[in-house]
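# Tertiary structure, described
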Amino acid sequence: VVDEGVVVGNDKIELDENASLVKKSTTGSDRNDGSDIYNYDIVDKEGNSLGYIEITDKGDYYQIGNVELKKTGTGLGTSIYTELAKKSDKPIYSDPSQTDAAKALWNRLVENGIAEKFEETVNYTTKTGVTAKNKEGTGTEEKQLKRTRYRTIPQEQSLSKQESGGKAPVTK
């Protein structure tokens, strides 16, 4: 169940009894899409820094950006993502570009019923016939990029998925 009012953008997000996110700064998006980027320090209950996380508000969802933990392999990253998924007012999406460690973390979330993996297709236009003398090119070409991403699933759907042996329930 989502705790009402616990949203990315708040000054502090309590994750559990051991850690919280404390907002360091907010900046506008560099992509001109109107998104806000929130930078949080990850701190323990004594206020000691454990690392940082960048979260972008994309409107219908939040996207995880840069994450750095001072100690890896402790389960802290999985705990942070799990608690954010439980407490967020929107789904959490992976960044389109991920390190091997980030992919491993998201795969653990999938195994735990917190997230799902999905294929995304991005359409884009590229210039053709570009040369050193003709930087404008001779035309354009439509292309597609297929990539794998991850997103958290609502708690109710996550519980139903676990009860049905790992298969997402059919909804109409």
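Residues numbered from 1 in each chain as written. Predicted model: local features only at pLDDT ≥ 70, side-chain atom pairs only at ≥ 80, totals over all residues. Heavy atoms only, no water.

Moving on: the environment of Pro 91. By secondary structure assignment, the location of Pro 91 is in the loop between α1 (76–87) and β6 (92–93). Remark: the alpha-carbon pair of Pro 91 and Tyr 62, spanning 29 residues in sequence, is separated by 6.3 Å. If sequence neighbours within four positions are ignored, Pro 91 has contacts with Asp 60, Tyr 61, Tyr 62 and Thr 152. (Helix = DSSP H or I, 4+ residues; strand = E, 2+ residues; numbered from the N terminus. Contact = heavy atoms within 4.5 Å.)

All chains considered together, the criterion is met by four aromatic pairs. Note on Tyr 93 and Phe 118: the rings are 5.6 Å apart at their centroids and 75 degrees apart in plane angle, and the pair reads as edge-to-face. Taken together, the residues span a long stretch of sequence, with Tyr 93 in strand β6 and Phe 118 in strand β7 (residues 115–128) at a distance of 25 residues. The same class applies to Tyr 93 as to Phe 118, namely buried. Among the aromatic residues, ring-to-ring pairing joins Tyr 61, Tyr 93 and Phe 118 into one connected group. Over the aromatic face of Phe 118 sits the side chain of Arg 151, whose NZ or CZ is 3.9 Å from the ring centroid. (Phe/Tyr/Trp six-rings, centres within 6.5 Å; stacked < 30°, edge-to-face > 60°. Buried < 20%, exposed > 50% of the residue type's maximum accessible area, 1.4 Å probe, protein only. Lys NZ or Arg CZ within 6 Å of the ring centre and 35° of its normal.)

Here the structure, examined in full by the defined rule, presents ten salt bridges. With its nearest N and O atoms 3.7 Å apart, the salt bridge here joins Lys 127 to Glu 136. A relative accessible area of 59% places Glu 136 in the exposed class. The network of salt bridges with shared partners includes Glu 83, Lys 86 and Lys 87. (Salt bridge = Lys/Arg side-chain N within 4 Å of Asp/Glu carboxyl O.)

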